[in-house]
Amino acid sequence: MHEGDLYQRFARSFADFAGRTAIEAADRNWTYAELESAAGRLATKLAAMGVRPGERVLVQTEKSVETVVLYLAALRLGAIYLPLNTDYTEAELAYFVGDATPVIAVCREGSQGLFRRIGGDALAITTLDDLFADLPAEAAPPAPRQRDDIAAILYTSGTTGKPKGAMLTHRNLVSNGEMLVDFWRFTSKDRLIHALPIFHVHGLFVALHCALFSGACVIFQPRFDAKAAIAAMQDASVMMGVPTFYIRLLGEDTFTRHVAARMRLFVSGSAPLSADIHRAFEDRTGHRVLERYGMTETGMLTSNPYDGERKAGFVGPPLPGVSLRIAGEDGTVLPQGEVGIVEVQGPNVFAGYWQMPEKTASEFRDGGWFITGDMGLIDANGYVQLVGREKDLIITGGLNVYPAEVEALLDDREDIAEAAVIGVPHPDFGEAVVAVVRPAGSLDADAVREAMKRDLAGFKVPKQVIAVDELPRNTMGKIQKKLLRERYAGLFAQA
Ligand code: AMP
């Protein structure tokens, strides 16, 4: 295991693979040496703008290689990298700026005024174009950090309450990245299709660290486009994606066994990959998608094996170094096979929420177990199966319904493309199970309910099946159940 900070881990690759291509983008290729040189020179410029070790560098830019260089430059200076989704509104940005008190904001052209309004004069504001215009010749020296210092803050989606800034340490990121390189067998021969956003753990840490730690080449795509991904597969070895990518690939007739023949690995995560899609992908390509599970606060936690059984609908056993248990609400560890809350420990688990010591304390148990808020079980073979977020659990007439169980049955049907199962207020039952589905062709909702009665206990059968054109999803492909619950809150309201 590498003992230095995260920048030093990248520096090892800059030295070992200097002349090799690190990133292939539409406009140009970057070697490892070129990445290092650009990061060093940009660091000089950032230092002149006030960036010091421990200071926050807020970044809200389009996906670009320059943003990757900015990430490396911030780390080189020992600063804390703080990437933000480009969808955030002014009110949300005002919260992040007030909460994280960055010294600098790197934003898109046209957003400078907005950041000036919310950041005042203390905040240095710039764009990638300005930063990269006339870079100085000399490279600022790296400022090494301790392993437990913070390397990055990522705000979590915050479906309830205020967004929380998860503090990720150098140890968290280096250890998780190195472990994944080994586990997924990354080498400098790999070519990774990278179509994920780089403000989120999946695209920024999982994908980039696996590739850049191992000397591989990143095929850098600005966003996911099924045709572009298919074209890239002619000369690629790995793709990482959210389930939506795989669903969209299957929607292309030109996506065939032949197209995928040179690939060695397809990884899926950030949202559940239905067993149905897993099987359809295997039928089409012969590849079994490797599904893994993780979160912003913890990095990667479980993975289906590289060799061995990749089980559809399961996220696999805990990864090396990760301890995982299933507990009841009071923290009692539950027997194997029972559904409860996933709790984890390991060098990958974050240092807490930025400036929220009480919130942090309430999400850890004595002994250091982090309460993920995901519900699941461990099967007899040690594989974890997730059944939904704790807050998505439906309690109807006093009985628990795990949405994933009902969704799996719906997803299996020919007449349903995808389904989301939610609980909405009900005068008799407290909550009622409701299925919101995107049909594949015509749909007879009553027939769906009748069929489900054969497979499910009555209380789990949706009281209503509602057809919609599109399920609301966020950028990471997660279905936004909160929006659905709000939309259908009045469904069973008493007259
Ligand atoms: P984020 O912090 O945005 O990465 O979201 C983390 C959450 O995404 C986890 O707590 C899970 O609820 C969900 N998640 C991640 N990977 C999977 C997966 N393979 N299957 C189901 N849910 C997942």
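In this convention, every chain numbers its residues from 1, walking through the sequence in written order. Only residues with pLDDT of at least 70 get local features here, since the model is predicted, and only at 80 or more are side-chain atom pairs given and counted; chain-wide, interface and lining totals rely on the full set of residues. Excluding hydrogens and water, the side-chain figures rest on all heavy atoms present in the structure.

### Considering the pattern of salt bridges
Inclusion rule: Just to be clear on terms, a salt bridge is a Lys or Arg side-chain nitrogen sitting within 4 Å of an Asp or Glu carboxyl oxygen. Helix numbers and strand numbers start at the N terminus; a helix is a DSSP run of H or I with at least 4 residues, a strand a run of E with at least 2. To sort residues, take the accessible area from a 1.4 Å probe on protein chains only and compare it with the maximum for the residue type: under 20% means buried, over 50% means exposed, and anything in between is partly exposed.
Under the definition given, this model contains 29 salt bridges. In this structure, Glu407 and Lys481 form a salt bridge, with 2.6 Å as the shortest nitrogen-oxygen distance. Pair noted here: Glu407 is in helix α13 (residues 403-412) and Lys481 is in helix α15 (residues 481-487), with a separation of 74 residues, a long-range link. Residue classification places Lys481 among the buried positions, given a relative accessible area of 12%. Across the pair Arg413 and Asp415 runs a salt bridge whose closest N-O atoms are separated by 2.9 Å. Accessibility expressed as a relative area gives 16% for Asp415, which makes it buried.

### Some words on the sheet that holds strand β17 (residues 370-378)
Through backbone hydrogen bonds, the strands of a sheet pair up, either in parallel or in antiparallel fashion. Here is the rule: Paired strands, in this sense, are two strands between which DSSP finds at least two bridges. The angle between two axes is taken between their N-to-C directions and runs from 0 to 180 degrees, where each axis is a line fitted to C-alpha atoms and a helix contributes only its stretch in contact.
If you walk across this open sheet you meet the 4 strands as β15-β16-β17-β18, and the pairing is antiparallel. In this open sheet, the two strands that pair with only one neighbour each are β15 (323-327) and β18 (384-389). Across this sheet, the average inter-strand angle for adjacent strands is 45 degrees, counted without regard to direction. The pairing of β17 with β18 spans 5 bridges and is antiparallel. The residue of β18 that forms the bridge with Met375 is Gly388.

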